[in-house]
Amino acid sequence: MSKPQSCFGYPLSIFFIVINEFCERFSYYGMKALLILYFTQFIRWDDNLSIAIYHSFVALCYLTPILGALIADSWLGKFKTIVSLSIVYTIGQAVTAVSSINDLSDFDHDGAPNNIAVHVALSMIGLALIALGTGGIKPCVSAFGGDQFEKGQEKQRNRFFSIFYLAINAGSLLSTIITPILRVQECGIHSKQACYPLAFGVPAALMAVALIVFVLGSRMYKKVQPQGNIMEKVVKCIGFAIKNRFRHRSKEFPKREHWLDWAKEKYDERLLSQIKMVTRVMFLYIPLPMFWALFDQQGSRWTLQATSMNGKIGHIEIQPDQMQTVNAILIVIMVPIVDAVVYPLIAKCGFNFTSLKKMTVGMFLASMAFVAAAIVQKTLPVFPKGNEVQIKVLNIGNDNMTIYFPEETVHLVQMSQTNIFRTFDVDKLTSINISSAGSAVTPVTHNFEEGHRHTLLVWDPNHYQVVKDGLNQKPEKGQNGIRFVNAFGERFNATMDGKVYEYVTSHNASKYQFFPSGIKNITLSFSEIPGNCNNTFTSNLSFGSAYTYVIIKKGDGCPELKEFEDISPNSVSMALQIPQYFLITCGEVVFSVTGLEFSYSQAPSNMKSVLQAGWQLTVAVGNIIVLIVAGAGQFSEQWAEYTLFASLLLVVCIIFAIMARFYTYINPAEVEAQFDDNEEKKKPENLYTTLDPISQTQM
């Protein structure tokens, strides 16, 4: 066998593997950063459904590594598995990018897809392929890189893993900065929209580059043939022990010291001892999914929280999906600080800060991160969810009006509105009535559409109009929604910053149109108004607001503009999310990094991959927990859901601390060395040398 090519003492092949990993992580994290806003803003799903699909996808990404490991170790080998599933991965990224092309089904060129089901179907197919691809290659690439080193290159192998994880962080960091910038660009053939095709297309291209680079190094790789999967042996052994114990469940059979001892009839003592070590650690894994349930909401709930905040920090404008970069940046900063400063200081204080204690602290910090998120959430506007409706009343008449809601009465003077949107369960909204002094009560007969905001326009006791607002979230990209209401009497056109509102009829409202921040000029056009009238107005817009401009007729017959706020500007800065990101990143450093080290130190040499699979399974289960809570919770206030998650993790943290208290640390190498010594003593030649000299002479 020829000696592998090397560069600076490293196998040349590993450079292809590192570049491949950088491109693949850029592809994955770049796509993932966009996903929640793609669901809510392009496909127009509500927050709960979007979060359910998002976390289903992440869970699938952490379930498929088990499949990838089985394929690589039992059938194709690592190289062929990586190539095959990378092709699937690339196709998935391309299909997802195609699903985001607005013009694919925008047959009437009005800027909205006519057949959203096509986009949904394509995106689900694409995400399923991505989950299979990214999860399938996850357990293979780093191990394949480790296979490239020869004996005596342990130092180089350790440095390779450091470079490998640096490539992961670099790809993650750059992608979560770049792809949101691409998303906010406008593109399209017939109408200009947020450029999701470009934002998804770049990760797809990077995945294609990752595949090509990996294949180019094919001739240089050291390819180890598949040697069977240890996970299969573990599962069969555990299954046999359970089955055998069930067969011998009557009292006539004596109890055995450990439940796995019921597999002694078929499996040797060494394997049983190794599996016992693994199951002891796996038992500690039971509470861990709750940490991941909170941690992975950075890309879902926290991103949606950022859409209601002001991204202007100094002269820089940050996009909501770019806030995830805070975690990547803090990881790079915090890992060396914690390892080089925090842990040594704790050790000098004489505190025995074991791995399990570190993980307990990590859980507590993540819980506090969600307390911080709940505090921030309390300052943000609330929009209707599920079967809720929100109603605001705008009195555009000349009389004082009284509005009777279920269990509440509101009094409005002329040309005023209720100060908030009132939230009702659509099934419990039995009646709304209008009256004014000296007039009869008029019932409002309207089928309010659940999950939407509505404005009730009233101008006298017997006349009203219900308008569905069409804004169920903060305007995208920090823009401002503006609509006009005609209380003038005569139909008019309005032009604002080049956009035209045509034929706003009497006592009716236009649709919202959207504008960036800054001073805007408004021009009103009427068929007939006095010549001395001013028909030009100005408005100074901030970020993420929505306003209704009511046009009324003054006593001299000239128009006047009255401004009413529908959604307040983004006055809360995205910078307020930094404390929650800091807390959860600190939690990740002392939980995730320590957890992997603990698992590695407590696992037998041939079963480290089993615990790695178990660790990734906890991530998948954590995302499933989010699905259950998001589906069953139906909280009217988002801060309450954050508080629930924080409370659940705090309870789990206490349970884990109790479990950790009774855990005894072991050294698997010493246990395996004892088995090696016992096996050595049992060899015939060793038995022979232990006989006394007289016996040997007699023989």
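Residues numbered from 1 in each chain as written. Predicted model: local features only at pLDDT ≥ 70, side-chain atom pairs only at ≥ 80, totals over all residues. Heavy atoms only, no water.

Asker: Can you help me understand the overall build of the chain in this one?
Answerer: Summing up its helical and strand segments, the chain has 18 helices and 23 strands in all. Principal axes of the C-alpha set define a box for the chain whose edges measure 135 × 60 × 50 Å. Partitioning the contacts of the chain with sequence separation of at least 6, the portion at a separation of at least 24 is 73%. Approximately 32900 Å² of the chain is accessible, and the part contributed by carbon and sulfur atoms is 59%. Once the 57 positive and 56 negative side-chain charges of the chain are each reduced to a mean point, those two points are 8 Å apart. (Helix = DSSP H or I, 4+ residues; strand = E, 2+ residues; numbered from the N terminus. Contact = heavy atoms within 4.5 Å. Areas by Shrake-Rupley, 256 points an atom, 1.4 Å probe, with all protein chains shown as cover. Lys, Arg positive; Asp, Glu negative; His and termini not counted. Charge placed at Lys NZ, Arg CZ, Asp CG, Glu CD.)

Asker: Help me out: how do you make sense of the pairing of strand E8 (residues 401–405) in this one?
Answerer: Working note: regular strand, side chains alternate between the two faces of the sheet. E8 sits mainly inside the fold: four of its five residues count as buried. Both E8 and strand E9 (residues 408–412) contribute to a ladder of five bridges, which runs antiparallel. Following the sheet pairing, Thr 402 is matched in E9 by His 411. Here E8 folds back onto E9 in antiparallel fashion, the turn holding two residues, of which Glu 407 has a positive phi close to 65 degrees. For E8 and strand E12 (residues 433–435), the ladder comprises three bridges, and the chain directions are antiparallel. Looking at the pairing, Thr 402 lines up with Ser 435 of E12. (Buried < 20%, exposed > 50% of the residue type's maximum accessible area, 1.4 Å probe, protein only. Pairing = 2+ DSSP bridges.)

Asker: Mind showing me how you'd approach the sheet that holds strand E17 (residues 492–496) here?
Answerer: Backbone-to-backbone hydrogen bonds join strands into a sheet, with any given pair of strands oriented parallel or antiparallel. The four strands are arranged E18-E17-E20-E21 in an open sheet whose pairing can be described as antiparallel. A single partner strand is all that each edge strand has here, and the edge strands are strand E18 (499–504) and strand E21 (536–541). For this sheet, the mean inter-axis angle between neighbouring strands, taken without regard to orientation, is 20 degrees. Pairing analysis gives six bridges linking strand E20 (residues 518–526) to E21, with the strands arranged antiparallel. Considered in E21, the bridge of Lys 520 is made with Ser 539. (Axes fitted to C-alpha atoms, helices over the stretch in contact; angles between N-to-C directions.)

Asker: Where do I start with the pattern of salt bridges in this structure?
Answerer: Between side chains of opposite charge, a pair can form as their charged atoms come close. All chains considered together, the criterion is met by eleven salt bridges. Its salt-bridge partner being Asp 321, residue Arg 183 comes within 2.7 Å of it at the nearest N-O pair. Placement of Arg 183 in helix H5 (residues 154–183) and of Asp 321 in the loop between strand E6 (316–317) and helix H11 (325–348) is noted, with a sequence separation of 138 residues between them. Taking relative accessible area as the criterion, Arg 183 reaches 2% and is therefore assigned buried. For Arg 422, the salt bridge identified is with Glu 408, shortest N-O distance 2.9 Å. You can see Arg 422 sitting in strand E11 (residues 422–425) and its partner Glu 408 sitting in strand E9, a full 14 residues away along the chain. Within the structure, one salt-bridge network assembled from shared partners comprises Lys 392, Asp 469, Arg 483 and Asp 566. (Salt bridge = Lys/Arg side-chain N within 4 Å of Asp/Glu carboxyl O.)

Asker: What exactly am I supposed to notice about unusual backbone geometry here?
Answerer: Backbone geometry places Glu 407, a non-glycine residue, at a positive phi of 65 degrees. Considering the arrangement of structural elements, one finds Glu 407 in the loop between E8 and E9. Its identity is not glycine, yet His 507 carries a phi of approximately 55 degrees, on the positive side. In this fold, His 507 is placed in the loop between E18 and strand E19 (513–515). The class of His 507 is partly exposed, set by a relative accessible area of 25%.

Asker: Whenever I open this one, the state of the cysteines confuses me. Can you help?
Answerer: Chemically, a disulfide is nothing more than a covalent bond linking the sulfur atoms of two cysteines. The full count for this structure, using the stated rule, is two disulfides. Each sulfur of the disulfide joining Cys 187 and Cys 195 lies 2.1 Å from the other. Residues Cys 187 and Cys 195 are joined through a disulfide that is right-handed, its torsion about the S-S bond being 105 degrees. Judged by relative accessible area, which is 24%, Cys 187 ranks as partly exposed. For Cys 195, a relative accessible area of 5% translates into the label buried. Each disulfide pairs two cysteine sulfurs, and for Cys 533 the partner residue is Cys 558, the sulfurs being separated by 1.8 Å. What sets the handedness of the Cys 533 and Cys 558 disulfide is the S-S torsion sign, and at about -80 degrees it is left-handed. (Disulfide = S-S within 2.5 Å.)

Asker: I would appreciate a short explanation of empty space enclosed by the protein in the present structure.
Answerer: To find leftover empty space, one rolls a probe the size of a water molecule over the atoms. Scanning the entire structure with this criterion turns up two cavities of 30 Å³ or more. Put simply, the second largest cavity is a space of about 50 Å³. Lining the second largest cavity are Val 335, Val 338, Asp 339, Tyr 343, Val 589, Val 593, Thr 594 and Glu 597. Contributing elements (two or more residues each) for the lining of the second largest cavity: H11 and helix H13 (578–602). Grouping the amino acids of the lining of the second largest cavity by side-chain chemistry returns five nonpolar, one polar and two charged. (1 Å grid on protein atoms, 1.4 Å probe; cavity = no way out; pocket = protein on both sides within 12 Å on 5 of 7 lines; lining within 4 Å. Points joined across faces, edges and corners; volume = space filled by probe spheres on them. Nonpolar A, V, L, I, M, F, W, Y, C, P; charged D, E, K, R; others polar.)

Asker: Even after reading the chapter, I still don't get the environment of Ala 347, so can you show me in this structure?
Answerer: Secondary-structure assignment places Ala 347 in helix H11. Take Ala 347: its relative accessible area is 51%, and that puts it in the exposed class. Distance from Ala 347 to Lys 243, taken between C-alpha atoms, is 47 Å for residues 104 residues apart in sequence.

Asker: What is the right way to read H11 from this model?
Answerer: Within an α-helix, residues lying three or four positions from one another point in the same direction, as the helix has 3.6 residues per turn. Taking 1.5 Å as the rise per residue, H11 with 24 residues should run 34 Å; its terminal C-alpha atoms sit 34 Å apart, in good agreement. The largest bend in H11 amounts to roughly 45 degrees and is located at Val 338. Taken residue by residue, H11 has Thr 325, Val 326, Asn 327, Ala 328, Leu 330, Ile 331, Met 334, Val 338 and Tyr 343 as its buried positions. Gly 350 sits one or two positions beyond H11 and adopts a positive phi of about 85 degrees. (Expected span 1.5 Å × (residues − 1). Bend = angle between axes of the 7 residues up to and from the residue.)

Asker: How do you make sense of the confidence of the model for the chain when you look at a structure like this?
Answerer: Close reading of the predicted structure is inappropriate where its pLDDT is low. Across the chain, the average pLDDT comes to 86, with 94% of residues at or above 70. Contacts from residues 690–699, a stretch scored under 50 in pLDDT, to residues over four places away or in other chains number four contacts. (pLDDT = per-residue confidence, 0-100.)

Asker: Looking at this structure, I do not really get the pairing of strand E7 (residues 388–395). What am I missing?
Answerer: Burial analysis of E7 places eight of its eight residues in the buried class, which makes it a mostly covered element. A two-sided burial pattern is seen for E7, the buried positions comprising Glu 388, Gln 390, Lys 392 and Leu 394 on one face and Val 389, Ile 391, Val 393 and Asn 395 on the other. Relative to E11, E7 runs antiparallel, the two being bridged by four bridges. Counterpart to Val 389 in the pairing with E11 is Phe 424. Here six bridges tie E7 to strand E14 (residues 453–460), and the two strands are oriented parallel to one another. Looking at the pairing, Asn 395 lines up with Val 458 of E14. The pairing of E7 with strand E10 (residues 416–417) spans two bridges and is antiparallel.

Asker: So what exactly am I meant to see when it comes to the side chain of Thr 618 here?
Answerer: Position of Thr 618 relative to the elements: it lies in helix H14 (residues 608–633). Classification of Thr 618 as buried rests on a relative accessible area of 5%. For Thr 618, the side chain forms a polar contact with the main-chain oxygen of Trp 615, separated by 2.4 Å. Leaving out residues up to four positions away in the same chain, Thr 618 has contacts with Tyr 285, Leu 288, Pro 289 and Trp 292. (Polar contact = N/O pair within 3.5 Å; in protein donor to acceptor, adjacent residues only side chain to side chain.)

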